[in-house]
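# An overview of the molecular structure
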Amino acid sequence: SPEPLIPPFALDVIGRIESDYPDKFGIPRQPGLARAAQARLVLLPPFDDPLAVRGLEHFSHLWLSFVFHRSPPRWTPLVRPPRLGGNAKIGVFASRSTHRPNRLGLSLVELTGIDTSRGVRLELRGHDLLDGTPVLDIKPYLPWAESLPEACAGFAPEAPPQRPVTFSPEADAALAIRTDRDSLRELIVQVLAQDPRPAYRNGAEERRYGLRLRDVDVRFRAEEDEEGRVRLRVVEI
Ligand code: SAM
């Protein structure tokens, strides 16, 4: 049986994520793919001491270590990355799958603000974190040590392809009345451009899909444009 982490090595949750992503469906596969996604990391006692983030304001990006708390605890040695169409299997340690031992996640996110008026709240952007995600650690990103554009990335050599996104007049009208219309539209476009449908559904289809973003239900479907390219159309918000 696996070797358990024995005290005093037990891990504590240092904070929780409040995110634009209330559901798993629709969250991009990695951070940076939807730069408009906003989140707040609320530190929990006793880690919500402003002294613990002194100097963090001088960094633009952070590594967050967290737990995939809404993934099942089981792990398997082989996983089926959506990137490979959902059928091909590779080793879990050759993937960024959520179905991994200890369910540990690691995301590089943009730090856009620090509020220490009541405890500590970090404003984040461009993340891939589900609302409620428990965070175990925060580290400042060091480009000189960690940015390796020459590295090779196996079966995921670049960001996934993007699809065009359009809005129906009804969806435009629903957005127009919101004070956050610009950032919400940007978030919807960036998330739908990733085509969140299951990997095996990549053509136009009559079926409508729904996903929750921020506090709205976005209903969309995949259609073909004049050149036969698949685009996603927001039909209702
Ligand atoms: N960047 C991280 C990494 O590489 O460890 C996460 C990559 S994982 C492929 C990204 C997916 O994790 C998202 O698309 C979302 O569906 C899922 N996810 C995000 N937060 C989660 C949570 N708290 N519990 C379970 N799944 C989560």
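Residues numbered from 1 in each chain as written. Predicted model: local features only at pLDDT ≥ 70, side-chain atom pairs only at ≥ 80, totals over all residues. Heavy atoms only, no water.

By the naming in an unreviewed UniProt entry, the protein chain goes by tRNA (N6-threonylcarbamoyladenosine(37)-N6)-methyltransferase TrmO and is assigned to Litchfieldella rifensis. The record in UniProt for the protein chain states the following under Sequence similarities (unreviewed entry): "Belongs to the tRNA methyltransferase O family." (UniProt positions renumbered as here; feature names shortened; annotations may be inferred.)

### Let's talk about the sheet that holds strand 9 (residues 165-167)
Across the sheet, which stays open at both edges, the 4 strands sit in the order 9-12-11-10 with mixed pairing between neighbours. The open sheet terminates on both sides in strands that have one partner only, identified here as strand 9 and strand 10 (209-213). Here the average twist between neighbouring strands, direction ignored, is 35°. The pairing of strand 10 with strand 11 (residues 216-224) spans 5 bridges and is antiparallel. Across the sheet, L211 pairs through a bridge with V218, a residue of strand 11. Along the sheet, helix 2 (residues 169-176) contacts strand 9 and strand 12 (230-236); its crossing angle with strand 12, the most-contacted strand, is approximately 60°. Lying over the sheet, helix 3 (residues 181-193) contacts strand 9, strand 10, strand 11 and strand 12, oriented at roughly 135° with respect to strand 9. (Pairing = 2+ DSSP bridges. Helix = DSSP H or I, 4+ residues; strand = E, 2+ residues; numbered from the N terminus. Axes fitted to C-alpha atoms, helices over the stretch in contact; angles between N-to-C directions. Contact = heavy atoms within 4.5 Å.)

### With respect to the layout of surface pockets
Put simply, the second largest pocket is a space of about 190 Å³. Looking at the second largest pocket, the residues that line it are I14, L43, F47, A52, V53, R54, G55, L56, F59, D137, I138 and P140. Of the residues forming the lining of the second largest pocket, the biggest block, 3 residues, is contributed by strand 8 (residues 134-140). Classifying every residue of the lining of the second largest pocket by side-chain character gives 9 nonpolar, 1 polar and 2 charged. (1 Å grid on protein atoms, 1.4 Å probe; cavity = no way out; pocket = protein on both sides within 12 Å on 5 of 7 lines; lining within 4 Å. Points joined across faces, edges and corners; volume = space filled by probe spheres on them. Nonpolar A, V, L, I, M, F, W, Y, C, P; charged D, E, K, R; others polar.)

### Things to note about helix 3
Look at helix 3: 18 Å from first C-alpha to last across 13 residues, which is about the 18 Å you get at 1.5 Å a residue. Within helix 3, burial applies to S183, L184, L187, I188, Q190, V191, L192 and A193. Taken together, the buried residues of helix 3 touch strand 2 (38-43), strand 9, helix 2, strand 10, strand 11 and strand 12. Looking one or two places after helix 3, you find D195, whose phi comes out positive at around 50°. (Expected span 1.5 Å × (residues − 1). Buried < 20%, exposed > 50% of the residue type's maximum accessible area, 1.4 Å probe, protein only.)

### Quick word on the site of the ligand
By nearness alone, 20 residues border the ligand, and Q30, H69, R96, D128 and T133 come closest of all. Coverage of the ligand by the protein amounts to 96% of the 600 Å² it exposes when considered alone. No other element matches strand 6 (residues 104-115), which puts 3 residues into the shell around the ligand. Classifying every residue of the shell around the ligand by side-chain character gives 8 nonpolar, 7 polar and 5 charged. (Near = heavy atom within 4 Å. Areas by Shrake-Rupley, 256 points an atom, 1.4 Å probe, with all protein chains shown as cover.)

### Considerations on the pattern of salt bridges
Summed over all chains, the structure comprises 18 salt bridges. The salt bridge partner of R125 is E110, with a shortest N-O separation of 2.9 Å. Taken as a pair, R125 in strand 7 (residues 121-125) and E110 in strand 6 lie far apart in primary sequence, 15 residues in all. The exposure class assigned to R125 is partly exposed, which follows from its relative accessible area of 33%. The closest approach of N and O atoms between R197 and E205, which form a salt bridge, is 2.7 Å. You'll find R197 and E205 in the same group, each marked buried. Each of D20, R178, D180, R214 and D215 takes part in a single network of salt bridges with overlapping partners. (Salt bridge = Lys/Arg side-chain N within 4 Å of Asp/Glu carboxyl O.)

### Notes on the packing of aromatic side chains
To describe a pair of aromatic rings, you give the distance between the ring centres and the angle between the ring planes. This structure, assessed with the given rule, holds 4 aromatic pairs. Here the aromatic rings of Y209 and F220 are separated by 5.6 Å at their centres, their planes lie at 20°, and the arrangement is stacked. Linking Y209 in strand 10 with F220 in strand 11, this pair joins segments that are 11 residues apart in sequence. In this structure F220 comes out as buried when scored by relative accessible area, which is 0%. The lysine or arginine in question, R185, covers the ring of F167, its NZ or CZ lying 4.3 Å from the ring centre. (Phe/Tyr/Trp six-rings, centres within 6.5 Å; stacked < 30°, edge-to-face > 60°. Lys NZ or Arg CZ within 6 Å of the ring centre and 35° of its normal.)

### Considering the nonpolar core
The nonpolar side chains of a soluble globular protein tend to be buried with one another. With 26 residues, the main nonpolar core has Y21, L187, I188, L192, L213, V218 and V234 as its most contacted residues. Counting residues per element, the ones that place at least two in this core are strand 9, helix 2, helix 3, strand 10, strand 11 and strand 12. Residues contacting V234, with those up to four places away along its chain left out, are V165, T166, F167, S168, A171, I188, L192, V218, R219 and F220. Core analysis: the second largest hydrophobic core is formed by 19 residues, A39, V53, L64 and L122 among them. (Core = buried A, V, L, I, M, F, W, Y, C linked by side-chain atoms within 4.5 Å.)

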